[in-house]
Amino acid sequence: MEVTDFIFSRREEVLLTGDYNAYRAQSSRRLHKLRRKLGQTTPKGRKYVAKRAVTAEDVGENAAYVHLLLVSAERAWAQAMHMKATHSAVPSAKGITGAARRHIVSRLNKAAGYARELVQLLQDQTTSGASETDVLEARAYLASLFGALYLEKQRWEDCLRSYSVARVIYTALGQNVKKDAFRDLLSGTVDPSLRYAAYQMKLPRSKPLPSLAIDYFPADSEIRSEVEKIDPSCLTMEAVGARKTADGATQQLPETITWRSRTVALEDASISQALAAASTAESRLASWLAEVAGQSASATDKAAAYDQAIIASQDAVDATKTAIDELTSEGVDPGDRRIQALQITRTAVNYALIGWRVGRNRVLCGEEDGVLFDAEGKMGTKPATKRIEGNGKKLTKLREQVVLYDSTLQSLDFILELPGVAADSEFVAELDAKRNYFRALRCLAIGRSHGLLAKSKQALALHSKALELVSLASTSSQTDADTQGPPRLDISRRQIQALETALRSLVAHYRGLVTIENLSAAETADSGTQPLIERLSEYAGDGVDLAHLVPYPPQMQPIPVKPLFLDVAWNYIDYPREQHAAPQQQQQQQQAEPEAEEKKGGRRGWFGFGR
């Protein structure tokens, strides 16, 4: 008969685009069609005759009678919700009172009457042909309507008992049949109402909803037997939040959480449940990675295994944020002990979530966080047969690595914004060391891409910067000596030393390439003017130019012959040739003087007289 699907599908279809009044109008039209189909309408001109009651035989013959009761109940429920939404929109300190509240209670009581009639009909399974699941779904629907009725009447204990029945039944049905309707009804209607009724009864928030529902589940043996037929463990300790670890042991809900040197109590049961689920997912991931199947899996499969841990950690973050928002909306002072404890919890669960995200990024980067870049295959894999790939695929892999490193750096920056982190100088120094490590990896990936493009100078600059950053990370005393378990935010000294060694070799490699390129460029510039015979003392980086060995045709050039050997006694020895050369120079000067005088006196002009 699919009672739950029939209700949920129509609610979701109409309420997605309209409101409760549109749902009421559609239910009225649907009810008229069903009555006309079943022959229960009053013809025109005839006197109204009361409809006969639906019997179990009618249900057994035609399932439309079940739909008739359900649509009637839904119409009354939709009208009550429409009136409640309309009056709630008007700001009033008194809330909904007087005739409006009585009208809402009346419509909910009428809806519950139709649902009670349906349950009574389906209990006669031999006549109606209903199954155990149909009876339980009808009981859960009746319990949810009674819960809404008692909620409006402010009868909190009766409301808690009714919603407890609905929650236990929907949870038990959801274990056998994986339907979105059960999960959505629990998260959207049952759980919030159950928690609100517990709050009004001043029950402790540390008690989880499954345990609360089981405690207030009625002691009626008939209902218990019907539920246990579907799920025998629905009323046991496994249903109240106790989970199984990887080795099969029962895991209890945590009561405290520790962040750095501070330990606070967990007063919200939803946070405890989410942390227990996260711990279970972590133990399963660690055990799978330790097995042979996990060790031989590819990087993509290992990263996919992180999803369950990330989802569980995200649930813990959401539960913490919801608890903080609830206390803030109640007007609790930010300096209150409960708010401060939740802020510490928020920092701890957010750090755990970021750790799992960073761990998945590190797995996707490849072996040793991408230091061992496999240029012939995929990152972090060992191909059976080596194949040569083009630079395009290699650059694509390096680009993917850079994106992962950017995501990791953004996550580390988000940690600094968490409450209480900026005031912890030791923790900030640890984050700086980790940030320098991932920045060095990012520079390494970009430098490798420049190396593939034959840009040696850019690659040398990036590798030198990466070596500088990893040196800063290695000098920090905040790095972990060794890490165990799945990769997260922890960085070991061995990993830093491996990165530093790889960078030193790359810096030396590209420094040599840049030197050779500079020599080749200088040689190319001088090769047009000087032949090889005049550059024998220089290293030929790009090879020997055999077309320019010697100058041709040869030209007249001075060459050194009989070099002069200098002596320290040069200035202290008087050579004989200097003594003979002095008198001869004096005689030549004396003979030259009279000749000059004779020539001076004998010069005359053109006309016989001197000038």
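Source: prediction; values computed, not measured.

The rules behind each value
Residues numbered from 1 in each chain as written. Predicted model: local features only at pLDDT ≥ 70, side-chain atom pairs only at ≥ 80, totals over all residues. Heavy atoms only, no water. Phe/Tyr/Trp six-rings, centres within 6.5 Å; stacked < 30°, edge-to-face > 60°. Helix = DSSP H or I, 4+ residues; strand = E, 2+ residues; numbered from the N terminus. Buried < 20%, exposed > 50% of the residue type's maximum accessible area, 1.4 Å probe, protein only. Lys NZ or Arg CZ within 6 Å of the ring centre and 35° of its normal. Pairing = 2+ DSSP bridges. Axes fitted to C-alpha atoms, helices over the stretch in contact; angles between N-to-C directions. Parallel < 35°, antiparallel > 145°, perpendicular 65-115°, else oblique. Contact = heavy atoms within 4.5 Å. Nonpolar A, V, L, I, M, F, W, Y, C, P; charged D, E, K, R; others polar. Left-handed = near helix turned anticlockwise from the far one by under 90°. Core = buried A, V, L, I, M, F, W, Y, C linked by side-chain atoms within 4.5 Å.

Chemist: Before we go on, may I ask you to explain the packing of aromatic side chains in this structure?
Modeler: Between two aromatic rings, the relevant description is the distance of the centres plus the angle of the planes. Overall, the coordinates contain ten aromatic pairs when judged by the stated rule. Ring geometry for phenylalanine 146 and tyrosine 150: centres 5.9 Å apart, planes at 20°, overall stacked. Of this pair, phenylalanine 146 and tyrosine 150 both sit in helix α7 (residues 132–153), four residues apart, roughly one helical turn. Between tryptophan 259 and phenylalanine 427, the aromatic rings sit 5.4 Å apart at their centres with planes inclined by 85°, giving edge-to-face as the arrangement. Within this pair, whereas tryptophan 259 is found in strand β3 (residues 256–259), its partner phenylalanine 427 is found in helix α18 (residues 425–452), the two being separated by 168 residues in sequence. Judged by its relative accessible area of 2%, phenylalanine 427 falls in the buried class. Taken together, the ring pairs in this structure connect Tyr20, Tyr23 and Trp77 into an aromatic cluster. The ring centre of tryptophan 77 lies 3.8 Å from the NZ or CZ of arginine 11, which sits over that ring. Across the ring face of tryptophan 356, the terminal group of arginine 488 is positioned such that the distance to the ring centre comes to 4.2 Å.

Chemist: Just to check I follow, could you spell out the pairing of strand β4 (residues 262–265) for this structure?
Modeler: For a regular strand, the rule is simple: side chains alternate between the two faces of the sheet. For β3 and β4, the ladder comprises four bridges, and the chain directions are antiparallel. Across the sheet, threonine 258 pairs through a bridge with threonine 263, a residue of β4. Taking the residues between adjacent antiparallel strands as the criterion, β3 and β4 are bridged by two residues, where arginine 260 takes a positive phi near 55°.

Chemist: When you look at unusual backbone geometry in this model, what are you seeing that I'm missing?
Modeler: Only a minority of non-glycine residues have a phi that is not negative, and only a minority of peptide bonds are not trans. Backbone geometry at glutamate 368 places phi at a positive 55°, although glycine is not the residue there. Here glutamate 368 is to be found in the loop between α16 (337–365) and α17 (391–415). The backbone of alanine 454 sits at a positive phi, close to 65°, despite the residue not being glycine. Along the chain, alanine 454 turns up in the loop between α18 and α19 (456–475). The exposed category is assigned to alanine 454, whose relative accessible area is 61%.

Chemist: Honestly, the packing of helix α1 (residues 3–15) against α7 in this entry has me stumped. Any pointers?
Modeler: Two quantities define a packed helix pair, namely the angle between the helix axes and the distance between the axes. Running from amino to carboxyl end, α1 crosses α7 at an angle of 45°, the nearest separation of the two axes being 8 Å. It follows that α1 is oblique to α7 by the angle criterion. Mapping the contact onto sequence places Val3, Thr4, Ile7 and Arg11 in α1 and Asp134, Glu137 and Tyr141 in α7. Within the contact of α1 with α7, the residues separate by chemical class into three nonpolar, one polar and three charged.

Chemist: What am I meant to see in the packing of helix α12 (residues 269–290) against α16 here?
Modeler: Running from N to C, α12 and α16 point in directions that differ by 25°, and their axes come no closer than 13 Å. Classified by the interaxial angle, the pair formed by α12 and α16 is roughly parallel. Remark: the crossing between α12 and α16 carries left-handed chirality. Note on element contacts: α16 touches α12 through Leu342, Thr345, Val349 and Trp356, opposite Ile271, Leu275, Glu282 and Leu285.

Chemist: Can you help me understand the nonpolar core in this one?
Modeler: Generally speaking, soluble globular proteins have nonpolar side chains that are buried together. Leu70, Trp77, Leu108, Leu145, Tyr170 and Val227 are the most contacted members of the largest nonpolar core, which has 82 residues in total. Sort the elements by how many residues they give to this core and helix α4 (residues 64–88) lands first, with 14 residues. Not counting residues up to four positions away in its chain, the partners in contact with valine 227 are Leu136, Val168, Ile169, Ala172, Phe217 and Cys234. Counting residues in hydrophobic clusters, the runner-up holds 71 residues, among them Ala278, Val349, Leu469 and Ala473.

Chemist: I would appreciate a short explanation of the environment of valine 59 in the present structure.
Modeler: With respect to the helices, strands and loops of the structure, valine 59 is situated in helix α3 (residues 56–61). By relative accessible area, valine 59 is classed as buried at 2%. When the C-alpha positions of valine 59 and glycine 129 are compared, they lie 7.8 Å apart, and in sequence the two are 70 residues distant.

All we've got here are geometric facts, nothing functional implied.
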